[in-house]
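Residue strings, one per chain:
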Number of protein chains: 2
Amino acid sequence: MTQKLKILVILGSVREGRVAEPIGNWVMGAADADRDDLDCELIDLKQWDLPFYPHPKPPAAGDYADAKQIAWGEKVASADGFILIAPEYNHGIPAVLKNALDTVYAEWNRKPVAFVAYGGMGGARAVEQLTMVSRELQMAPLEGALHLQGVWNRREGGRFAADTREGARLNHLFDELAWWGKALRNARAAG
Amino acid sequence: MTQKLKILVILGSVREGRVAEPIGNWVMGAADADRDDLDCELIDLKQWDLPFYPHPKPPAAGDYADAKQIAWGEKVASADGFILIAPEYNHGIPAVLKNALDTVYAEWNRKPVAFVAYGGMGGARAVEQLTMVSRELQMAPLEGALHLQGVWNRREGGRFAADTREGARLNHLFDELAWWGKALRNARAAG
């Protein structure tokens, strides 16, 4: 049997009462229930507590400067793909999510990234900006993002109360992530 | 005599050895030497040390939650316009600059913002993303941004060694900022 794909589900908000958390729990629950091909891990940037990028060397140099940057690089390196739970702040990317992306470099390369976004217009503009950034990080930003609307009153017991269409779209996103994740893992292994 | 326009020159990087600092000093020096209509203040986000936006209420609600957010709002409110010294990180906005923009809201409204950018392609993509974000903050993002290229070896004694063309472009940006700053200050005062 093929080894499961390791997927990091990254919460793109550290705000108190963030909706990112119930949405992330919903994604994790759906993966646990429905996918035996994906091994998902929830990443809370609040616990990681990465500083605003402080080092003189750019992450692309690969010469990491402290234990936190090294540990974050190892965590990102361990994954075959990513799901970003992405709020939209002022038509752009939340700083905490952009900073996590900016903190390391090579570990993102040649891996797929899927977006589960929310906010005004379902986080559409945040996803467009994340698409530009993902390309520069040598990732494959996947089509078929979930743009969740009106999320603020749809929290139930720590989970997001998704409707049937959103559940189906999430499963489609898992399918795409699985296809790209396997394809690129095989290709990275082949060199 | 008309009161000088108060302009904040915001350093968009907190990296050790940041080029933003000599570029900011160059901008400050040029304003001091050549402009009796602009009262510029250098803002170092490293000293402000704002946290990744943590509060449940969005800044647009205007109900600020702690002393730091209140103080940052007062500083932004004191200004008639802004010059952002903007690096480009992975084809996007540095997290520390995005976070400063995201931390307050009303205090940015109906004011002009000018960009002095650097990085690959002179920070062109960071400026495009900042344009989208500025519009959502109800600012006027000014045309005529400075896109500084090859900046890393052009530091001289804490200042950026600009060429004649760049000096002329900066003065043009000051002109634009003065025009928009006065127009909008008058209009805000009129209600």
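What counts and what doesn't
Residues numbered from 1 in each chain as written. Chains lettered and ligands numbered in written order. Predicted model: local features only at pLDDT ≥ 70, side-chain atom pairs only at ≥ 80, totals over all residues. Heavy atoms only, no water. Core = buried A, V, L, I, M, F, W, Y, C linked by side-chain atoms within 4.5 Å. Buried < 20%, exposed > 50% of the residue type's maximum accessible area, 1.4 Å probe, protein only. Contact = heavy atoms within 4.5 Å. UniProt positions renumbered as here; feature names shortened; annotations may be inferred. Helix = DSSP H or I, 4+ residues; strand = E, 2+ residues; numbered from the N terminus. Least-squares fit on C-alpha atoms with pLDDT ≥ 70 in both. Expected span 1.5 Å × (residues − 1). Buried area = accessible area lost by both parts, 1.4 Å probe. Salt bridge = Lys/Arg side-chain N within 4 Å of Asp/Glu carboxyl O. Polar contact = N/O pair within 3.5 Å; in protein donor to acceptor, adjacent residues only side chain to side chain. Nonpolar A, V, L, I, M, F, W, Y, C, P; charged D, E, K, R; others polar. Axes fitted to C-alpha atoms, helices over the stretch in contact; angles between N-to-C directions. Parallel < 35°, antiparallel > 145°, perpendicular 65-115°, else oblique.

What about the nonpolar core?
Okay, step 1: Judged by nonpolar contacts, the single largest core of 66 residues is most densely connected at Trp72 of chain A together with Trp72 of chain B.
Okay, step 2: Leaving out residues up to four positions away in the same chain, Trp72 of chain A has contacts with Ile10, Ile43, Leu45, Trp48, Leu50, Ala100, Thr103, Val104 and Trp108 of chain A.

Some points on the UniProt feature "domain: NADPH-dependent FMN reductase-like" (unreviewed entry) in chain A
Okay, step 1: Mapped onto this numbering, the UniProt entry gives "domain: NADPH-dependent FMN reductase-like" (unreviewed entry) at residues 6–146 of chain A.
Okay, step 2: Span residues 6–146 of chain A is 37% helix and 21% strand, its end C-alpha atoms 20 Å apart.

Observations regarding the relation of the copies chain A and chain B
Okay, step 1: Superposition record for chain A on chain B: RMSD 0.0 Å, screw rotation 180°, translation along axis 0.0 Å. Such a combination of rotation and displacement between the chain copies is what one expects of a two-fold axis. Closest approach to the rotation axis within chain A is made by the C-alpha atom of Ala95 of chain A, at a distance of 2.2 Å.
Okay, step 2: When the interface residues of chain A are mapped onto chain B, 100% of them are again interface residues, pointing to one common binding face.

Observations concerning helix α1 (residues 20–34) of chain B
Okay, step 1: The terminal C-alpha atoms of α1 of chain B lie 21 Å apart, and with 15 residues this matches the ideal 21 Å at 1.5 Å per residue to within 8%.
Okay, step 2: Those residues of α1 of chain B that fall on the buried side of the exposure criterion are Ala20, Pro22, Ile23, Gly24, Trp26, Val27, Met28, Gly29, Ala30 and Ala31 of chain B.

Some remarks on the interface of chain A and chain B
Okay, step 1: If you look at the interface, chain A gives 30 residues, while chain B gives 30 residues.
Okay, step 2: In total, about 2,600 Å² of surface goes out of reach between chain A and chain B, with carbon and sulfur atoms giving 56% of it.
Okay, step 3: Per-residue buried area on chain A facing chain B is highest for Arg15, Phe52 and Asn90 of chain A; these three make up 27% of the total on that side.
Okay, step 4: Linking chain A with chain B are 0 salt bridges, by the criterion used here.
Okay, step 5: Summed over the shared surface of chain A and chain B, the number is 14 residue pairs in polar contact (both at pLDDT 80 or more).
Okay, step 6: Considered class by class, the residues forming the side of chain A that touches chain B number 16 nonpolar, 6 polar and 8 charged.

Considering the packing of helix α5 (residues 124–136) of chain A against helix α5 (residues 124–136) of chain B
Okay, step 1: Between α5 of chain A and α5 of chain B, whose axes approach to 12 Å, the crossing angle comes to 175°. In terms of orientation, α5 of chain A lies roughly antiparallel with respect to α5 of chain B. Contacts from Arg125, Gln129, Met132 and Val133 of chain A in α5 of chain A reach Arg125, Gln129, Met132 and Val133 of chain B in α5 of chain B.
Okay, step 2: Of the residues assigned to the contact of α5 of chain A with α5 of chain B, the class counts are 4 nonpolar, 2 polar and 2 charged.

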